[in-house]
Amino acid sequence: MNSKEFSLIIEDVVKKHNGMSYVDAIVLYCEENNLEVESAGRLITKPLKEKIQFQSQKLNLLKGPKLGVLPS
């Protein structure tokens, strides 16, 4: 499996489970397919990393300056 396929699978998992975070989707996929979570790190593409970072900042899981986001 290459990183592009992995990212598409994770996107599908997130869409299938409304409201699931990308990190949770990666963990779920790894558990269901007997993969070590640590090995998934090399399969994460840059766009997926950016989505994970954005979600994490939105949920206050990362330290640092907050992104300027308009209320929805």
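Residues numbered from 1 in each chain as written. Predicted model: local features only at pLDDT ≥ 70, side-chain atom pairs only at ≥ 80, totals over all residues. Heavy atoms only, no water.

### Here we look at the pattern of salt bridges
Per the counting criterion, the structure on display carries one salt bridge. Across the pair Lys51 and Glu11 runs a salt bridge, and its minimum N-O distance is 2.7 Å. A residue pair is termed long-range when its members are at least 10 positions apart, and Lys51 in helix H4 (residues 46-58) and Glu11 in helix H1 (residues 3-16) qualify at 40 residues. Assessed through its relative accessible area of 17%, Glu11 is described here as buried. (Salt bridge = Lys/Arg side-chain N within 4 Å of Asp/Glu carboxyl O. Helix = DSSP H or I, 4+ residues; strand = E, 2+ residues; numbered from the N terminus. Buried < 20%, exposed > 50% of the residue type's maximum accessible area, 1.4 Å probe, protein only.)

### Quick notes on the environment of Ile9
For Ile9, the position within the fold is in helix H1. Given a relative accessible area of 27%, Ile9 falls into the partly exposed group. Distance from Ile9 to Ile26, taken between C-alpha atoms, is 9.2 Å for residues 17 residues apart in sequence. The residues touching Ile9, leaving out its near neighbours within four places in the chain, are Met1 and Tyr29. (Contact = heavy atoms within 4.5 Å.)

### Comments concerning the packing of helix H2 (residues 22-32) against H4
Packed helices, taken two at a time, are described by the angle their axes make and the gap between the axes. Interaxial distance between H2 and H4 falls to 9 Å at its minimum, and their mutual angle equals 125°. As far as their axial angle goes, H4 and H2 are oblique. Facing H2, whose interface residues are Tyr22, Val23 and Ile26, H4 presents Leu48, Lys51, Ile52 and Gln55. When the residues that make up the contact of H2 with H4 are grouped by side-chain class, the tally is five nonpolar, one polar and one charged. (Axes fitted to C-alpha atoms, helices over the stretch in contact; angles between N-to-C directions. Parallel < 35°, antiparallel > 145°, perpendicular 65-115°, else oblique. Nonpolar A, V, L, I, M, F, W, Y, C, P; charged D, E, K, R; others polar.)

### So, the packing of H1 against H2
Where H1 meets H2, the closest approach of the two axes is 9 Å, and the angle between their N-to-C directions is 110°. On the basis of the axis angle, H1 is roughly perpendicular to H2. Where H1 approaches H2, its residues Phe6, Ile9, Ile10, Glu11, Val13 and Val14 are matched on the opposing element by Tyr22, Ala25, Ile26, Leu28 and Tyr29. Of the residues belonging to the contact of H1 with H2, the class tally is 10 nonpolar, no polar and one charged.

Shape is all these values report; function is a separate question.
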